[in-house]
Amino acid sequence: MATKRSACFKNAGFAGYRPFVSIDPEVIDDLVDIHVRSVARLSRAALPGMVRRRKGAIINVASLLAISAVLPPDPLPSRATYAGAKAFILAFTQALAGELEGSGVDVQACP
């Protein structure tokens, strides 16, 4: 008999590729809300039940651009805000996985 497993899979967002000096501050706010705040808040909302049941999984969608900060904007687009937000997702996921080690809840990021 299969056991049920709780999962929280998050993938939403937009790129906002622009040179940082010319990006609209509202785009920055929207990008951070989608890529940073929503990942943290949804993870926080899903975790108590998973931890209580000692089973579940959180899968966050990052991007290889999370580790692209030192690469020039050619051929890649200008991406300081986007890459920074994706770097948050990667670091957040890694740190959260460490906090939850042994809890029965798996946490991972997809590039």
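Located above this text is the structure these notes cover.
Keep in mind it's a predicted model, so treat the numbers as computed, not measured.

Conventions and cut-offs
- Residues numbered from 1 in each chain as written.
- Predicted model: local features only at pLDDT ≥ 70, side-chain atom pairs only at ≥ 80, totals over all residues.
- Heavy atoms only, no water.
- Pairing = 2+ DSSP bridges.
- Helix = DSSP H or I, 4+ residues; strand = E, 2+ residues; numbered from the N terminus.
- Right-handed = clockwise from strand over helix to strand, strands pointing away.
- Patch = residues over 30% accessible without salt bridge, like charges linked within 9 Å, V, L, I, M, F, W, Y side chains within 5 Å.
- Areas by Shrake-Rupley, 256 points an atom, 1.4 Å probe, with all protein chains shown as cover.
- Salt bridge = Lys/Arg side-chain N within 4 Å of Asp/Glu carboxyl O.
- Lys, Arg positive; Asp, Glu negative; His and termini not counted.
- Charge placed at Lys NZ, Arg CZ, Asp CG, Glu CD.
- Buried < 20%, exposed > 50% of the residue type's maximum accessible area, 1.4 Å probe, protein only.

Novice: Outline the pairing of strand β3 (residues 105-110), supporting the account with residue identities and numerical values.
Specialist: Note that strand β2 (residues 56-61) and β3 share six bridges and pair parallel. Each bridged residue has a counterpart across the sheet, and for Ile59 the counterpart in β3 is Gln108. One crossover worth recording links β2 to the parallel β3 by way of helix α2 (residues 80-99), and it is right-handed.

Novice: How would you sum up a negative patch on the surface? Please name residues and give values.
Specialist: There is a patch of like negative charges on the surface, built from Asp24, Glu26, Asp29 and Asp30. By the secondary structure assignment, Asp30 is in helix α1 (residues 25-53). Overall, the relative accessible area of 42% leaves Asp30 in the partly exposed class.

Novice: Hey, could you go over the environment of Leu100 for me, with residue numbers and the actual values?
Specialist: Secondary-structure assignment places Leu100 in the loop between α2 and β3. In this structure, the C-alpha to C-alpha distance between Leu100 and Val51, residues 49 residues apart in sequence, is 8.4 Å.

Novice: Help me get a handle on the pattern of salt bridges, residues and values and all.
Specialist: Summed over all chains, the structure comprises one salt bridge. Here Arg37 makes a salt bridge to Asp33, at a shortest N to O gap of 2.7 Å. In this pair, Arg37 and Asp33 both sit in helix α1, four residues apart, roughly one turn of the helix. With relative accessibility at 47%, the residue Arg37 sits in the partly exposed group. When its relative accessible area of 31% is taken as the criterion, Asp33 is described as partly exposed.

Fair warning: the whole summary comes from geometry, so function is off the table for now.
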